Each structure stands twice: as C-alpha cells, then as structure tokens.
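Topology and contacts: notes
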Amino acid sequence: MGTRFLPATKAIPKEMLPIVDVPTIQYIVEEAVESGIEEILIITNSNKHCMENHFDRSYELESRLTESNKQEECDMICNIANMANIYYVRQKEPKGLGHAILCAKSFIGEEPFAVLLGDDVVENNNGKPALKQLIDAYNEVQASVVGVQTVSDEDVNKYGIVEPSKSSSPVGKRVKLSSMVEKPAREEAPSNLAVLGRYVLTPEIFDFLENQTPGAGGEIQLTDSIKSLMISQSVYAYDFEGIRYDVGDKFGFIKATVEYAMEREELKDKLKAYLRELVKTF
C-alpha cells in the first residue's frame, strides 16, 4: 500500500516513484531482462494501473516527440515498451508476499521462476545483475536459491535470516540451508545472512503456499513455505554481489536517488558542488 510514502502514494503506486527520473519498477524489470528473463508477470492491484501504462506504447506522446525533433526521447520510451513481454495479475486482497506469489501459479506452470521484490533495487555495475547470479547458482544445484547479504547484528531483526546447514560446507558464495527465521531478536539470529528481495524458486513452492496457514499479520508468509519446502528439497542461499537499496524506506530511497544521480553525466558535477556546499552548513 506504500503507507510509508504517504501522501505521495495516495494516488501514485510506490513502485512508480522515480529514482531521479526512472520509476523504481523499471529498474526491477531491467534487472530481470538483463538476467535473461523474457516473460514477466507483475502482481498488482486495482490502484496501480499506471504501471501498465508505463510499460505500454504511447502513440500520441511518441508522435509529439517526433514532431518536436526529440527522437532520442521517443526512442527511449519505445524501448521501455519493448523490453519484455509483461503481463499483470491483480492480487485482490493484501494477504502478504506468499499470497502474491501464489497469484502467479497459473502463469508459472511447472517451471522454476524468479521473484524480485519492488522495494529492493540492486546495482552491480561491475558485474552480473543480482538475479543473474542467483540463476547461475540455481543452474548449478537445480534447487531453490534465495538471495542474501550480510547485515550487522543490530539489523538482523529487520529481515528474514537464514540458518546455514551444519552438515554442508559453503561452496563459494552458495550455502545450503537448514531453516529460516523471520525478523529474529539479535540474540536468536542463526546468522547474519539476510534475505534481500531476490529468489529463484522451484514450482513445488506453490503446493506449500496453497496450504500455508496465515502467519504474522494474518498474511501468507513466503518464509514459512520455503521452510516447509526444505523438508523435501534442498534450498540454498547465495550471497550476491551488488549494492542493495531499500527504496521502500524513505532514507533508502534518498540514498538511491543521490547515488544514482551521481552516476549521471549531466548531474554529477552540479550535485557534487551542491553537496560540498551543503556539508559546510552542518
């Protein structure tokens, strides 16, 4: 519902809030496309139809841009519409992440699939996209893989934390799991590896999601179903490379905006000068 960004999200989905001038959801879709995904399903609701418009053609705008000799801008918005085959399914009630994923069951069928959460933007300019790293790990083990990164002791209570298996040694950045704990107290956390919005899952997860008892907040929790999946299948964590921004958090959103702006040739010098002057006032 985007309540942390009210009043902006009263009329605009939080996924459409721009990081500089690109909506958050576009960064998510671009990562999927760069990872080799061609068919994308966005789980949405009745208030988020502007996301569909963003990834659709806009012939009137294209025509006006062409007439104004703004071909570069015209090509840009056409490329957005042509990135991938994008489909939409509405989650009729906000029943949690697990329920949202369950809405994709008929779309997925019997294939493994990726999940990317709209609050997590990951940048890895010098290497593979975070999702591609997970897909490569899946191809090695043919089992579900959750994306993790190390967080501080003070932050373990903010995330789902994985418990590495004591009977299996890590292989590079990949480790087999024995359990997961949702937002544990610092002294109860089994590790410092936090699940951060990227998954590659086998289709058997749907069997558990369909029968999952609602957990915290009356929601269907994905973590609970992954724990159940571990009983019959191996599940791994992969410590992916990249800078992750929690853009569902106001400060995380500001950080992402500043750092993405610093990468823009037309903005970075002005922004650096402004920040230097701003620091002098502290």
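Here is what the cut-offs are and how they apply
- Residues numbered from 1 in each chain as written.
- Predicted model: local features only at pLDDT ≥ 70, side-chain atom pairs only at ≥ 80, totals over all residues.
- Heavy atoms only, no water.
- Phe/Tyr/Trp six-rings, centres within 6.5 Å; stacked < 30°, edge-to-face > 60°.
- Helix = DSSP H or I, 4+ residues; strand = E, 2+ residues; numbered from the N terminus.
- Buried < 20%, exposed > 50% of the residue type's maximum accessible area, 1.4 Å probe, protein only.
- Pairing = 2+ DSSP bridges.
- Contact = heavy atoms within 4.5 Å.
- Core = buried A, V, L, I, M, F, W, Y, C linked by side-chain atoms within 4.5 Å.
- Polar contact = N/O pair within 3.5 Å; in protein donor to acceptor, adjacent residues only side chain to side chain.
- Patch = residues over 30% accessible without salt bridge, like charges linked within 9 Å, V, L, I, M, F, W, Y side chains within 5 Å.
- Areas by Shrake-Rupley, 256 points an atom, 1.4 Å probe, with all protein chains shown as cover.
- Salt bridge = Lys/Arg side-chain N within 4 Å of Asp/Glu carboxyl O.
- Axes fitted to C-alpha atoms, helices over the stretch in contact; angles between N-to-C directions.
- Parallel < 35°, antiparallel > 145°, perpendicular 65-115°, else oblique.
- Left-handed = near helix turned anticlockwise from the far one by under 90°.
- Nonpolar A, V, L, I, M, F, W, Y, C, P; charged D, E, K, R; others polar.

So, about the packing of aromatic side chains. Applying the stated criterion to the full structure yields five aromatic pairs. Between F5 and F253, the ring centres sit 5.5 Å apart and the planes meet at 70 degrees, which makes this aromatic pair edge-to-face. Taken as a pair, F5 in the segment before β1 (18-19) and F253 in helix α10 (residues 250-261) lie far apart in primary sequence, 248 residues in all. Both residues of the pair, F5 and F253, belong to the buried class.

A few words now on the pairing of strand β7 (residues 144-150). As a general feature of sheets, a regular strand has side chains that alternate between the two faces. Judged by how many residues are buried, β7 sits mostly within the fold: six of seven residues are covered. The sheet contact formed by β7 and strand β11 (residues 235-239) spans five bridges and is parallel. Of the residues in β11, the one forming a bridge with V146 is A237.

Mapped onto the elements of the fold, L271 is located in helix α11 (residues 268-279). A relative accessible area of 18% means that L271 is categorised as buried. Sequence separation of L271 and A261 is ten residues, and the distance between their C-alpha atoms is 7.7 Å. Here L271 is in contact with V258, A261 and M262, once residues within four sequence places are set aside.

To continue, consider the nonpolar core. Counting residues in hydrophobic clusters, the biggest one holds 31 residues, and the most contacted among them are I25, I40, I42, F55, I86, V145 and F240. Mapped by element, the contributors of at least two residues to this core are α1 (24-34), β3 (39-44), α7 (130-141), β10 (193-201) and β11. Considering each element in turn, this core owes the most residues, seven residues, to α7. In contact with V145, not counting residues within four places along its chain, are L134, A137, Y138, Y199, V200, Y236, A237 and Y238. Core analysis: the second largest hydrophobic core is formed by 26 residues, V162, V175, V195 and L222 among them.

Let us now look at the side chain of Q91. Its place among the elements puts Q91 in the loop between β4 (85-90) and α5 (97-102). Within polar-contact distance, the side chain of Q91 engages the backbone oxygen of G96 at 3.3 Å. Engagement of the side chain of Q91 in a polar contact is seen with the side chain of H99, the distance being 2.9 Å. Dropping the residues within four chain positions of it, Q91 is found in contact with I43, T44, N45, G96, H99, A100 and C103.

Moving on, we come to a nonpolar patch on the surface. A cluster of nonpolar side chains, namely F251, I254 and V258, defines an oily patch on the protein surface of about 290 Å² accessible area. Checked against the element boundaries, V258 lands in helix α10.

As a further point, take the side chain of S191. In this fold, S191 is placed in the loop between β9 (174-182) and β10. Looking at S191, its side chain comes within polar contact range of the main-chain nitrogen of L193, at 3.1 Å. With residues up to four places along the chain from it excluded, the contact list for S191 reads V156, I161, V162 and P164.

Time to look at the packing of helix α3 (residues 59-67) against helix α4 (residues 71-81). Where α3 contacts α4, the two axes come as close as 8 Å, and the packing angle between them is 160 degrees. Accordingly, the angle class assigned to the pair α3 and α4 is roughly antiparallel. For the element pair α3 and α4, the recorded crossing hand is left-handed. Taken together, the residues of α4 that come into contact with α3 (itself represented by L61, E62, L65 and T66) are Q71, E73, C74, I77 and C78. Split by residue class, the contact of α3 with α4 holds five nonpolar, two polar and two charged.

So, to be careful, I would describe these as geometric facts and stop short of saying anything about function.
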